[in-house]
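Below are the chains, spelled out letter by letter.
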Amino acid sequence: MKYARDTRPSKLPERTAQLLFEALPWIKNITGKTVVIKYGGSAMENPQLRHDVMSDIVLLKIIGMNPIIVHGGGKSINAAMERFGLPVEFRNGQRVTTKEAMDVVREVLVGEVNQDLVHAINAHGNLAVGVSGSDAGTIIARQLDPELICVGEVVKINTDYLEDLIHSEYIPVVATVGMGTDGGYYNINADMAAGQIAAAVGAHKIIFLTDVDGLYEDFEDKDSLISNLTLDEVKEALASGKAATGMIPKLSACVSALEAGVFRAHIINGKMPHSLLLELLTDCGVGTTMHSTDEACEFDAHPLGTFASRLVGNH
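Position labels on residues start from 1 in each chain and follow its written sequence. Where local features are concerned, this predicted model is filtered to residues with pLDDT of at least 70; where side-chain atom pairs are given and counted, the filter is 80 or more; whole-chain, interface and lining totals use all residues. Water and hydrogen atoms were dropped before computing side-chain values, which therefore reflect all heavy atoms in the structure.

Chemist: Run through the sheet that holds strand β2 (residues 66-71), naming residues and quoting values.
Modeler: Whether two strands pair comes down to DSSP finding at least two bridges between them. In this text, helices come from DSSP runs of H or I with a minimum length of four residues, and strands from runs of E with a minimum of two, each type numbered from the N-terminal end. As summarised here, the arrangement of the eight strands in space is β5-β8-β2-β1-β11-β13-β14-β12, forming an open sheet in which the pairing is mixed. Of all strands in the sheet, those with a lone pairing partner are β5 (128-132) and β12 (228-230), marking the two edges. Strand-to-strand twist in this sheet, taken as the mean axis angle between neighbours without regard to direction, amounts to 20°. As paired elements, strand β13 (residues 264-269) and strand β14 (residues 288-291) share four bridges and run antiparallel to each other. The partner of R264 across the bridge, within β14, is H291. Where helix α8 (residues 231-240) meets the sheet, its contacts fall on β12 and β14, and the angle it forms with β12 comes to roughly 90°. Inter-axis angles, ranging from 0 to 180 degrees, are taken between N-to-C directions of lines fitted to C-alpha atoms, where helices are fitted over the stretch in contact. Any two residues whose heavy atoms approach within 4.5 Å at even a single point are treated as in contact.

Below is the structure:
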């Protein structure tokens, strides 16, 4: 049975063409540049969201961006520790990581979470390489606090391996297990590791995919989302104590990256479909952008009222 073709005019082709046209200067701006993407939260735990985010990263790679993915895996670690009968304990937001727990952290981060992300990317072609922070001494760490035992802080990022992978057109996917200056292994906060990696490789941008839309002046007021901040304003937010606990390591990592010369830092909601593409390739953006200059420049200012913002609103 055949049906008559719907000849009513559709605005979809026009919208699609306009969106592609809008993306052109942003694509030119990002081509050939390294962007560190800190990946975590629900966008990593949900299989469909994970597939979509990895597909978006592959698209960004195809158009010429050089992504480095840095990930944690807190929920997966919690589940594994419970299976092994190990206590799950946090102090000041940091996981207490005994030597037994460190074995579980390594197994989960390097052997499970990392390989799942590599597999999701490589479904589109052999593009991704899994990297433990201890590989080639990429992340060198020391003990952060004796009470936290195997929790470390970054001493040095050795960039040779990451840069070799990028030069060979691969996407490094980094699990944040550090090699200790004492020869042991350390569990590294993934936000802080991402900031240090971005600074060390001279990244153009660092992006945090998280579970909220960005930084709020008042988290309870969803109309108070902050679209742009200067570096000084980020420091002020940290010093004031008003930043939500979960935002503190992200903002601290942004400060480290921006002070080292990273052009922009972004916090966006990884649960929003294609938020990474909207933030990087449209005029409006979808999250919070931080910059070290006094004012946002032509790129990354993300003014409201553009075609892309209207398109997002229609969804």
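So much for the structure itself; the text now carries on.
Chemist: Residues and numbers for the environment of H291, please.
Modeler: Residue placement: H291 occurs in strand β14. A relative accessible area of 2% places H291 in the buried class. Through-space distance from the C-alpha of H291 to that of V234 is 9.2 Å; in sequence the pair is 57 residues apart. For every residue, the accessible area (1.4 Å probe, protein chains only) is compared with the maximum for its type, and the residue is labelled buried under 20%, exposed over 50%, or partly exposed between those bounds.

Chemist: Explain empty space enclosed by the protein residue by residue, including any values.
Modeler: It is the rolling of a water-molecule-sized probe over the atoms that shows where space remains empty. Lining residues are those with an atom within 4 Å of a point, where the points come from a 1 Å grid over the protein atoms alone and group into cavities, where a 1.4 Å probe fits but cannot get out, or pockets, open sets with protein on both sides within 12 Å along at least five of seven lines. Grid points are joined across faces, edges and corners, and a volume is the space filled by probe spheres set on the points. On inspection of all chains with the given rule, the structure shows one cavity of 30 Å³ or more. Roughly 70 Å³ of internal volume is contained in the largest cavity. Lining the largest cavity are L49, D52, V53, D56, L209, G270, M272, P273, H274, S275 and L276. Ranked by residue count, the leading element in the lining of the largest cavity is helix α3 (residues 47-62), at four residues. Partitioning the lining of the largest cavity into residue classes produces six nonpolar, three polar and two charged. Note on residue classes: Ala, Val, Leu, Ile, Met, Phe, Trp, Tyr, Cys and Pro are nonpolar, Asp, Glu, Lys and Arg are charged, and everything else, Gly too, is polar.

Chemist: Mind laying out the packing of aromatic side chains, listing which residues take part and the relevant values?
Modeler: Note on ring pairs: Phe, Tyr and Trp rings are taken, using the six-membered ring of Trp, and paired if centres are within 6.5 Å. Classes follow the plane angle, with under 30 degrees stacked, over 60 edge-to-face and the rest tilted. Within this structure, the stated rule accounts for zero aromatic pairs. Working rule: Lys NZ or Arg CZ, within 6 Å of ring centre, within 35 degrees of ring normal, means a charge sits over the ring. In this arrangement the basic side chain of R106 is found over the ring face of Y185, its NZ or CZ atom lying 3.7 Å from the centre. Stacked on the ring of F263, the Lys or Arg R264 has its end atom at 4.1 Å from the ring centre.

Chemist: I'd like to hear about the packing of α3 against helix α5 (residues 99-122), residue by residue, with values.
Modeler: With their axes 9 Å apart at the nearest point, α3 and α5 run at an angle of 60° to one another. In terms of their interaxial angle, α3 and α5 are classed as oblique. In the crossing of α3 with α5, the sense of the turn from one axis to the other is right-handed. Contact residues: α3 offers R50, M54 and V58, while α5 offers L117, A120 and I121. The residue inventory of the contact of α3 with α5, partitioned by class, reads five nonpolar, no polar and one charged. Any angle from 65 to 115 degrees is called roughly perpendicular, while one under 35 is roughly parallel, one over 145 is roughly antiparallel, and all others are oblique. For a crossing to be left-handed, the near helix must be turned anticlockwise from the far one by less than a right angle; the clockwise case is right-handed.

Chemist: Which residues make up the nonpolar core, and what values go with them?
Modeler: Side-chain atoms within 4.5 Å link the members of a nonpolar core, which is a set of buried Ala, Val, Leu, Ile, Met, Phe, Trp, Tyr and Cys residues. Formed by 45 residues in total, the largest nonpolar core has its most connected members in Y39, M54, I57, I69, I121, L276 and L280. For this core, the element with the most residues is α5, which contributes eleven residues. What L276 contacts, discounting residues up to four positions off in sequence, is I37, I57, L60, I207, L209 and I268. Counting residues in each nonpolar core, the second largest holds 39 residues, with A193, A243, L251 and A253 among its members.

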